[in-house]
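Report on the structure
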Amino acid sequence: MNMSSSKSKKKSRKILQVETFSLPSTLSRMTSIWELANSQLRDITVYEAGKPIEETARELGVDPSVIIKLASNENPLGPSPKAVQAMRAALEDAHLYPDGSGFYLCKAIATKLGLTPENVILGNGSNEALEFLGHAFLDAMRQDEVIASEYAFVVYKLVATSFGARMIEVANPDYQQDLEGMLEAITPRTRLIFIPNPNNPTGTLVSQCEIESFISRVPEQVIVVFDEAYFEFLDNPPDMLRFVRAGRNVIVLRTFSKIHGLAGLRIGYALARPDVIDVLHRTRQPFNVNSIAQAGALAALEDEAHLRETKRVIDKGRAYLQEQFAEMKLPFVPAVANFVMVNAGDGCAVFEKLLRRKIIVRPLKGYGLPEWIRISVGTMEQNKRLIAALKEVILPQ
Ligand SMILES: Cc1ncc(COP(=O)(O)O)c(C=O)c1O
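Rules behind the numbers
Residues numbered from 1 in each chain as written. Predicted model: local features only at pLDDT ≥ 70, side-chain atom pairs only at ≥ 80, totals over all residues. Heavy atoms only, no water. Pairing = 2+ DSSP bridges. Helix = DSSP H or I, 4+ residues; strand = E, 2+ residues; numbered from the N terminus. Contact = heavy atoms within 4.5 Å. Axes fitted to C-alpha atoms, helices over the stretch in contact; angles between N-to-C directions. Domains from an automatic or database assignment. Buried area = accessible area lost by both parts, 1.4 Å probe. Salt bridge = Lys/Arg side-chain N within 4 Å of Asp/Glu carboxyl O. Parallel < 35°, antiparallel > 145°, perpendicular 65-115°, else oblique. Left-handed = near helix turned anticlockwise from the far one by under 90°. Nonpolar A, V, L, I, M, F, W, Y, C, P; charged D, E, K, R; others polar. Near = heavy atom within 4 Å. Polar contact = N/O pair within 3.5 Å; in protein donor to acceptor, adjacent residues only side chain to side chain. Areas by Shrake-Rupley, 256 points an atom, 1.4 Å probe, with all protein chains shown as cover. Core = buried A, V, L, I, M, F, W, Y, C linked by side-chain atoms within 4.5 Å. Buried < 20%, exposed > 50% of the residue type's maximum accessible area, 1.4 Å probe, protein only. Phe/Tyr/Trp six-rings, centres within 6.5 Å; stacked < 30°, edge-to-face > 60°.

Moving on, we come to the sheet that holds strand E10 (residues 339-343). One open sheet accounts for 4 strands, arranged E9-E10-E13-E12; its pairing is antiparallel. Sheet topology places strand E9 (332-333) and strand E12 (362-363) at the edges, where each strand pairs with a single neighbour. The strands touched by helix H14 (residues 347-356) are E12 and strand E13 (372-376); relative to E13, the strand with the most contacts, the crossing angle is about 40°.

Have a look at this one:
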């Protein structure tokens, strides 16, 4: 017994020595991590999220409660009280793994939308569902291409690049997505087309009619992804689920981060044909959506009163902001969701000045729009404070 264990020790020591000798010489000196990392990652800039309230409060030396964040298109009313109650109850079972299939939530989503649970997959935010698409459909060796509009939500480019696909950006005249231009950009290598509807940060919507005409001309092998993160804010939302029901290669993404007020929980979903959803399931982690998020989302989905009240506050707030921008003669893009993009002259400078007045907005330099900022609609009190601060910052005294 003793002899065999000492033998095996010797053996393992020998292996260790061999491994040490076989280390490539580049690794024995200080190596740039970029010699080891996947080369396409060089083309990615780390996603710059809206500045968190706590960080800003620390920097300004003020209490976080005095800061207004209008930077990430969150629900200014907070989560539904029913969701909070459900999440509190779910905490008691936090020692158990979540339901990996999201059985109850998928069923509730399907019932609400007139689909089946097999049409639904949950993601850790709809951003994770975007990543499923990369895993499922993009291949660097095949030199796949992804199409989206210029100024489209930046995560499409991050996903395409990180999976080694080529991102084709179609010009965005007047900040409206050009579907005809997208059709012209299709090649035999095109795998995915992303259409955020409405788009972030421009806040504009593509109509049902334009989409019908577009879909009828997209080749069968191209998958069209409609990102409907802001769907519930629309008065007359276009119906993209009809393409799912008709068996098209169409995927619809939605989220609990926006009107449902659960951005911190990270939960969203994709809707598609059952065979498409089956493919996506193969790309996800077994327990990708936590149990607290599932409980909160289930309750939020059913809290119609909270959804209605949020939409009412946003509609009123958006109208007020746009009126004020017009009065101040600030160019803005008329919007349909819970944010407005406005030309502030120098977006970064105005962002900094508003920050000193304890208001966080989103400069859009990273989108190639250095003059613009994006302002999320807040409560009326927040909107009024924003406008007062903006007048101090922008209008000549
Ligand atoms: C167009 C669009 N899609 C998706 C998302 C991400 O949503 P989630 O929080 O569900 O990942 C956002 C968030 O800002 C968005 O604007």
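All right, on to the domain arrangement of the chain then. For the chain, the assigned domains read domain 1 (53-69 + 305-394) and domain 2 (83-303). Measuring from the centre of the C-alpha atoms in domain 1 to the corresponding centre in domain 2 gives 26 Å. The largest per-residue losses of area from domain 1 upon contact with domain 2 belong to Leu-307, Val-336 and Tyr-367, which jointly make up 33% of the total buried on that side. For the interface between domain 1 and domain 2, the tally reads 1 salt bridge. For Asp-235, the salt bridge goes to Lys-311, with nearest N and O atoms at 2.5 Å. For the side of domain 1 that touches domain 2, the element with the most residues is helix H13 (residues 304-327), which contributes 7 residues.

On to the packing of helix H5 (residues 103-113) against helix H12 (residues 291-302), then. Helix packing for two helices is described by the angle between their axes and how far apart those axes are. Their axes nearest at 9 Å, the elements H5 and H12 cross at an angle of 20°. Taken as axis vectors, H5 and H12 run roughly parallel relative to one another. Classified by chirality, the crossing of H12 by H5 is left-handed. For the pair formed by H5 and H12, the contact residues are Tyr-104, Leu-105, Ala-108, Ile-109 and Lys-112 on the first element and Gln-294, Ala-297, Leu-298, Leu-301 and Glu-302 on the second. Classifying every residue of the contact of H5 with H12 by side-chain character gives 7 nonpolar, 1 polar and 2 charged.

Quick look at the site of the ligand now. Close contacts around the ligand come from Gly-125, Ser-126, Asn-127, Phe-153, Asn-200, Asp-227, Ala-229, Tyr-230, Thr-255, Ser-257, Lys-258 and Arg-266, and that covers them all. Ser-257 has a polar side-chain atom sitting 2.6 Å from an oxygen atom of the ligand. Within the side chain of Arg-266, a nitrogen or oxygen atom sits 2.8 Å from an oxygen atom of the ligand. Protein chains bury 93% of the 400 Å² of accessible surface belonging to the ligand in isolation. Of the residues belonging to the shell around the ligand, the class tally is 3 nonpolar, 6 polar and 3 charged.

With 48 residues, the main nonpolar core has Ile-109, Ile-195, Phe-214, Phe-226, Phe-256 and Leu-271 as its most contacted residues. Look past the residues within four positions of Phe-256 in its chain and what remains in contact with it is Leu-105, Ile-109, Gly-261, Leu-262, Ala-263, Ile-267, Gly-268, Tyr-269, Ala-297 and Leu-301.

We now examine the packing of aromatic side chains. In total, this model carries 10 aromatic pairs according to the counting rule given. Between Phe-153 and Tyr-156, the ring centres sit 5.6 Å apart and the planes meet at 80°, which makes this aromatic pair edge-to-face. Residue Phe-153 is classed as buried on the basis of its relative accessible area, which comes to 15%. By relative accessible area, which is 1% here, Tyr-156 ends up buried.

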